[in-house]
Amino acid sequence: MQRAVMPHTERFPLVATTAHDPGEIIAAALDQAETRDPTHARTWIVLVEGDYDQIDAIDAEPARHGIDVHIVIDLSM
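Summary of the structure given here. (Residues numbered from 1 in each chain as written. Predicted model: local features only at pLDDT ≥ 70, side-chain atom pairs only at ≥ 80, totals over all residues. Heavy atoms only, no water.)

The subject of this paragraph is the overall build of the chain. In terms of helices and strands, the chain carries 3 helices and 2 strands. The order of helices and strands in the chain, counted from the N terminus, is α-β-α-α-β. A fraction of 61% describes how many contacts in the chain between residues 6 or more apart in sequence connect residues 24 or more apart. Accessible surface, the chain: about 6500 Å² in total, of which carbon and sulfur atoms supply 55%. (Helix = DSSP H or I, 4+ residues; strand = E, 2+ residues; numbered from the N terminus. Contact = heavy atoms within 4.5 Å. Areas by Shrake-Rupley, 256 points an atom, 1.4 Å probe, with all protein chains shown as cover.)

Within this structure, the stated rule accounts for 2 salt bridges. For R64, the salt bridge goes to D31, with nearest N and O atoms at 2.7 Å. Pair noted here: R64 is in helix α3 (residues 62–65) and D31 is in helix α1 (residues 22–36), with a separation of 33 residues, a long-range link. D31 gets classed as partly exposed once you look at its relative accessible area, which sits at 34%. By sharing partners, the salt bridges in this structure join D31, E61 and R64 into a single network. (Salt bridge = Lys/Arg side-chain N within 4 Å of Asp/Glu carboxyl O. Buried < 20%, exposed > 50% of the residue type's maximum accessible area, 1.4 Å probe, protein only.)

Formed by I26, L30, W44, V46, V48, I55, A57, I58, I67 and V69, the largest nonpolar core amounts to 10 residues. Going through the elements one at a time, α1, β1 (44–48) and α2 (52–60) are the ones with two or more residues in this core. Beyond its immediate chain neighbours, meaning those up to four positions away, A57 contacts P22, G23 and I26. (Core = buried A, V, L, I, M, F, W, Y, C linked by side-chain atoms within 4.5 Å.)

What follows is the structure, encoded as structure tokens:
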């Protein structure tokens, strides 16, 4: 059996883990995004799989950065 080829992101970080609280991971990801776009010139997009805890954490975190975040929910399950 062949192994699936994983998608490759270029210039876009991919953050995923089950070892930490979703709020911690989202905060760390937005901190990293802030270093990449300190003037908030780009549109910030967060892809989630529809978990309510993730969405709540994403709703809470952007205010700390003074930005608007567009949430894309993957419903393909």
